[in-house]
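Per-entry structural report
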Amino acid sequence: MSNIKLGVEVISAHGLFQGDKQNSCSPFVELKFDNQIFRTTTKPNDPNPVWHESFYFLVSDPSFLSTHTLEAHVFSYQDESDAKPFLGKVRVNGTSFVPRSEAAPFNYPLEKRSVFSRARGELGLRVFITDDPSVSVSPRVYIPSPRREPVSSLITDDADERRELKKPITRTFYNATPSVNQQQPATKNYGMHEMRAAAPMPPRVVQYNGPAPPSDFSVKETSPFLGGGQIIGGRVVRGTKRPASGTYDLVEEMRFLFVRVVKARDLPDRDLTGSLDPYVEVKIGNFKGVTRHLDKNSEPEWNQVFAFAKENLQSNVLEIVVKDKDFVLDDYVGTVRFDLHEVQSRVPPDSPLAPEWYRLENKRQEKKKRAEIMLAVWEGTQADEAFGDAVFSDSLTSSDSSDIISANLRSKVYHSPRLWYLRVRIIEAQDVIIVSDKSRLPEAFVRIQIGNQMLKTRVSQRTFHPTWDQEFMFVVAEPFEENLVLSVEDHSEPNRDEPVGKAVIPLAAIEKRTDDKKFRSRWFHLEDSISDAMDEDKAKKVKFATRIHVAAALEGGYHVFDESTYYSSDLRPTAKPLWKPPIGVLELGILNANGLHPVKTRDGKGVSDTYVVAKYGHKWVRSRTVINSLSPKYNEQYTWEVFDPATVLTICVFDNGHFGGGNNRDQTIGKVRIRLSTLQSGRVYTNAYPLLVLQPSGLKKRGELHLAVRFTCTSVSNMLMKYTKPLLPKMHYTQPLSVNLQEVLRVQALNIMVTRLGRSEPPLRREVVEYMTDAKTHLFSMRRSKANFYRFTAVFSGVMSVWKWMGEVCSWRTPVTTALVHVLYTMLVRFPEMILPTVFLYMAVIGLWNYRFRPRFPPHMDTKLSYAESVNADELDEEYDRLRIVAGKIQSVVGDIAAQGERLQALLSWRDPRATAIFVTFCLIIAMVLYITPFKLFALLSGYYFMRHPRLRHRIPSAPLNFFRRLPAMTDSML
């Protein structure tokens, strides 16, 4: 048997609920772990008891220790009855167990056992693990008590050794001081009231709304110590130590030594030419950062920041060395040294530390007369303003050079451009004359071009005044740097088009509209070239020329889709005046990753240079790149405003393929999606998500990403009202776009976003943007088609189950059930007005019953649902593009049908806790209303409402339909 034990010290409790007749309570605590139950003494009539009692549990299997849970239930003792009123409980996950030397007492908030439980106050515990052989399990002393308590709940050695007692023996367990030298009984025949360690409990993994995935691919709940305290069960349990800054409370506080190299002056010349090419080396232990060198400059200015992690420092001396860049051997200029024990700490919101001038020393540590360098050295955390611009020690190697100091390694925040739909209506043209043959009637058409987007009208009949009256849609981005170019051409021969003239319209000159009102049209003169068309003076001259009649408008009432519609992170219209106030705040803490697989080879060993990208709405964030680490620590926190709960946060891990000046693609390591509607407001979700990637050899797990997520609702009423509002802006319903057109425009929007984000420094490259936005989910995949088919069959499996159940009823397999069905059927036939109230009441009861089994955590990628476990190489091969697109549409239709059925199931599954609560309340109210309303009146009003006049209808979807469309489907769990 293992010698590892779990120690629990029950310290005290305060603020307990007082609910007995004397308005007091007599609390005691029951501890449950690994099928073992211990109990403290009872403190009579004390709502703030103090125990200071210690207990030791046997750990049957240390390898499963992290999957076990310690439960502490607080009850109140009552003399006159066998009942024990419940006062609250505490659950401590095995991932938070620490050695005895690191354990500290925590006040855990008491949780309710159910919705109707009354629990309040806190319970103070100190939980630790120990392998000290001198500590044995505390013996139990049994003292008679006036309280009768059955002992059948206690666990004995074998089930057949349990004895049925007609009169249960009254026992109460009290703690005794552990004996140091006491040995365990040698006999195997345990008594009735003795404890033993049973088989380990099954691992605790995240609950899914579908088939349980393998343990290797499951999400694991963690209990890390973050800046705000330890996270236990979604709550922050604050310790005695307060964080230095309250801003970063979802990440572990990391201490850094910051060094800002500002500039130097009066540096001596070193070259034969009398010039100096200075640069600075910042060295501490084996870490070295290097600034860029400046050619022929005796008073250089760098203004660069270096950050060294305190936990990795191997020296107490910081050296700043100024050198002169040379072809063969760099010349030494001078040094400044700092003792790290004398470096001061800085805590925001303090102002930045002012840099100072320091005189350089020579190799004999003698001060130079003139040469000086301006520096600032301080200790800080990731809350420091210099964190984003710093070059970190885990991004440098021992043989670093100035080439390494690249923006590709730093953390940055990006904002995707604001996209607009441009609607262009080509109406007609006048006096289209062919210069080469003025007597020939032209077959004219118009080519419309904006940047890389080009469309053209149909070819008109032979006439000098052609008419088209066609509309086209484009995607443009702010700031409007491109022009709308209209080119009228003559289709003179099958393979030859002759230009007639061009017109250029600046996008900034096009009117913006936010509704479906008619926009004005204008006539434009055609010029021979684009330069002539852009010449305003030439355009003002009155002359006889070919004209084109065009109407154009920038559509601000639509939402421009730049990502997959299944995983949209923003649903707002383009025009800012139409934006509603935010309903909450989303906070993401990127903690660390572990178990990553090597992606490349460097110095003969496999390494990874990883960074994390997160996207929500218009805001993208990129963490710093950690070099040469398979277990990188990021500890970066970011915040977004939330405007709609029916949106998705996407987090991806990439390997930096451009480190050291390379030109390779950034490889994907894994993806995490979190739908905000599945998050409870105010709860902190700390989980380890598996990073899964589909490869030709099959599904691979390439590590785990540890995240902390919190959604805080600022207005509950506004958030609940969102469930009755349309999912998309009004223009999508008053002037809808076809599905094919939306898909074409989405591709154009993606290309614009790739171009704009690629201009940033460091750039977000195409492969990163495409993977984050799921740009290729619309293409055909045999695996995804199978997954959608099984989703489709799973949705309608309930109907088949009801049909089979009716068959069993008709066959009288269970006579009692058949008799009850006959009674219910007779009642419904006799009283038809009871049908609808019964249905709604039944759904409300089912919803309340399912509350016990509600998902505790947001869902993740489900490998079985995605049909990824049995995928083979043939199903991952590339098919022909045309076949993939056509079959992809069929696949999408099947997936959409399955999603509708899954939304019906989500009504009562508590996957979206707010939506299910609204629906259950609605069912209860409707059941009561229908109970008192005559059925004939209800049927009459329902028929009239269904057949109401078109003037009484609205093009905006109704509130029930909006509510249904916001419900989550299993699409979020698809790979």
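Our subject is the structure that appears above.
Residues numbered from 1 in each chain as written. Predicted model: local features only at pLDDT ≥ 70, side-chain atom pairs only at ≥ 80, totals over all residues. Heavy atoms only, no water.

Its place among the elements puts Pro 832 in the loop between helix H9 (815–830) and helix H10 (835–850). On the accessibility criterion, Pro 832 (33% relative accessible area) is partly exposed. With 104 residues separating them along the chain, Pro 832 and Lys 936 place their C-alpha atoms 9.5 Å apart. (Helix = DSSP H or I, 4+ residues; strand = E, 2+ residues; numbered from the N terminus. Buried < 20%, exposed > 50% of the residue type's maximum accessible area, 1.4 Å probe, protein only.)

Moving on, we come to the sheet that holds strand S12 (residues 225–226). Spatial ordering of the open sheet is given by S12-S13-S14, a layout of three strands whose pairing is antiparallel. With partners counted over all chains shown, the strands left at the sheet margins are S12 and strand S14 (235–237), one partner each. Bridge count between strand S13 (residues 229–232) and S14: three bridges; the pairing is antiparallel. Bridge pairing in S14 links Ile 232 to Arg 235. (Pairing = 2+ DSSP bridges.)

Turning to helix H13 (residues 913–932), a few remarks are in order. For an α-helix the count is 3.6 residues per turn, leaving residues at separations of three or four pointing the same way. Between its first and last C-alpha, H13 extends 29 Å over 20 residues, near the 28 Å set by a 1.5 Å rise per residue. Of all the positions in H13, only Pro 913, Arg 914, Ala 915, Thr 916, Phe 919, Val 920, Cys 923, Ile 926, Ala 927 and Leu 930 are classed as buried. (Expected span 1.5 Å × (residues − 1).)

What follows is about empty space enclosed by the protein. Taken as a whole, this structure holds seven cavities of 30 Å³ or more when the rule is applied. In this structure, the largest cavity encloses a volume near 150 Å³. Looking at the largest cavity, it is lined by 16 residues, and the ones nearest its centre are His 559, Val 560, Asp 562, Asp 570 and His 618. Classifying every residue of the lining of the largest cavity by side-chain character gives five nonpolar, five polar and six charged. Forming the boundary of the second largest cavity are Ile 505, Ala 509, Ile 510, Glu 511, Arg 520, Arg 522, Phe 524, Val 550, Ala 551 and Ala 552. For the lining of the second largest cavity, the secondary-structure elements that each account for two or more residues are strand S32 (521–525) and strand S33 (547–555). Ranked by residue count, the leading element in the lining of the second largest cavity is S33, at three residues. (1 Å grid on protein atoms, 1.4 Å probe; cavity = no way out; pocket = protein on both sides within 12 Å on 5 of 7 lines; lining within 4 Å. Points joined across faces, edges and corners; volume = space filled by probe spheres on them. Nonpolar A, V, L, I, M, F, W, Y, C, P; charged D, E, K, R; others polar.)

The next subject is unusual backbone geometry. Following Glu 478, the chain continues into Pro 479 via a peptide bond in cis, with omega recorded as -10 degrees. A positive phi is found at Asn 45, a non-glycine position, where the angle reads about 50 degrees. In this fold, Asn 45 is placed in the loop between strand S3 (36–39) and strand S4 (50–58). The backbone of Asn 303 sits at a positive phi, close to 55 degrees, despite the residue not being glycine. With respect to the helices and strands, Asn 303 occurs in strand S18 (residues 301–309). Using a relative accessible area of 45% as the deciding quantity, one classes Asn 303 as partly exposed.

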